[in-house]
Amino acid sequence: MSAIAAQEPRLNGEIRVSECRLIGYDGVQMGIFSTREALRIAETEGLDLVEIAPNANPPVCRIMDYGKFKYDQAIRAKQARKNQTKVEIKEMKFRPKIDIGDYTTKKKHVLRFLADGAKVKITIMFRGREMAHPEQGLSILERLADDLKDVAVIESAPKMEGRNMHMMIAPLPSAAKKAPKGQAKESDKVEE
């Protein structure tokens, strides 16, 4: 709690310096005043005296409505959080010997994820003797990349990690903007 309090500027009676450079409510520099005089000026206007630059020589104080200032700051922070975009990463798992029907179904899921603006991690899972033929998995990834070339870009090339081969694809900026935002998301958890 003390770290948070240390970040807050000192107000009114908490200001311990003998003199300060005073900035008025309208932003005009009023000059150097004793802290008592600056506090009296702020009180006559019904506002607060806030120390905004304590390390300056002399420290800089400003006359302002501190409650309104904090409220506006909180609103701006909330708006900034609301406007930020969170990149979501979905994963779709394939097997090297996938049938054409399963491939098209999974490709449709990948297309839906890309249309929603999510990045997609494509994983080819190898088991047993399939490890001897990684080119089968690579051909599936290449075919998928070719099928999606007009809506997605390969962010990381296919690479082998243990028994799995991974590739990351991201939506093209133009394709993500065209997709409607209100699509149904009932089966976003489909992975295999």
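Residues numbered from 1 in each chain as written. Predicted model: local features only at pLDDT ≥ 70, side-chain atom pairs only at ≥ 80, totals over all residues. Heavy atoms only, no water.

- For the chain, an unreviewed UniProt entry supplies the name Translation initiation factor IF-3 and the organism Slackia exigua.
- As stated in UniProt under Function (unreviewed entry), the record for the chain gives "IF-3 binds to the 30S ribosomal subunit and shifts the equilibrium between 70S ribosomes and their 50S and 30S subunits in favor of the free subunits, thus enhancing the availability of 30S subunits on which protein synthesis initiation begins."
- Recorded under Subunit (unreviewed entry), the UniProt text for the chain is reproduced unchanged: "Monomer." (UniProt positions renumbered as here; feature names shortened; annotations may be inferred.)

## Considering the packing of aromatic side chains
Link 1 in the chain: One pass over the full model with this rule turns up two aromatic pairs.
Link 2 in the chain: Relative to Phe-69, the ring of Tyr-66 lies with its centre 6.0 Å away and its plane at 35°, an arrangement referred to as tilted. One end of the pair, Tyr-66, and the other, Phe-69, are both in helix α3 (residues 66-83), three residues apart, so they sit about a helical turn from each other.
Link 3 in the chain: Looking at Tyr-66, the relative accessible area reads 10%, which means it is buried.
Link 4 in the chain: Of the residues examined, Phe-69 reaches a relative accessible area of 31% and is grouped as partly exposed.
Link 5 in the chain: Here the aromatic rings of Phe-94 and Tyr-103 are separated by 6.2 Å at their centres, their planes lie at 50°, and the arrangement is tilted. (Phe/Tyr/Trp six-rings, centres within 6.5 Å; stacked < 30°, edge-to-face > 60°. Helix = DSSP H or I, 4+ residues; strand = E, 2+ residues; numbered from the N terminus. Buried < 20%, exposed > 50% of the residue type's maximum accessible area, 1.4 Å probe, protein only.)

## Describing the pattern of salt bridges
Link 1 in the chain: Overall, the coordinates contain eight salt bridges when judged by the stated rule.
Link 2 in the chain: Glu-51 is the salt-bridge partner of Arg-10, the closest N and O atoms lying 2.6 Å from each other. On the criterion of sequence distance, the pair formed by Arg-10 in the loop between α1 (2-7) and β1 (19-23) and Glu-51 in strand β3 (residues 48-53) is long-range, its members being 41 residues apart.
Link 3 in the chain: For Arg-10, a relative accessible area of 37% gives the class partly exposed.
Link 4 in the chain: Among the residues examined, Glu-51 registers a relative accessible area of 3% and is labelled buried.
Link 5 in the chain: A salt bridge links Arg-40 to Glu-37, with the shortest nitrogen-to-oxygen separation between them at 2.5 Å. Highlighted residues: Arg-40 and Glu-37, both in helix α2 (residues 35-44), separated by three residues, approximately one helical turn.
Link 6 in the chain: Look at Arg-40 and you get partly exposed, because its relative accessible area is 45%. (Salt bridge = Lys/Arg side-chain N within 4 Å of Asp/Glu carboxyl O.)

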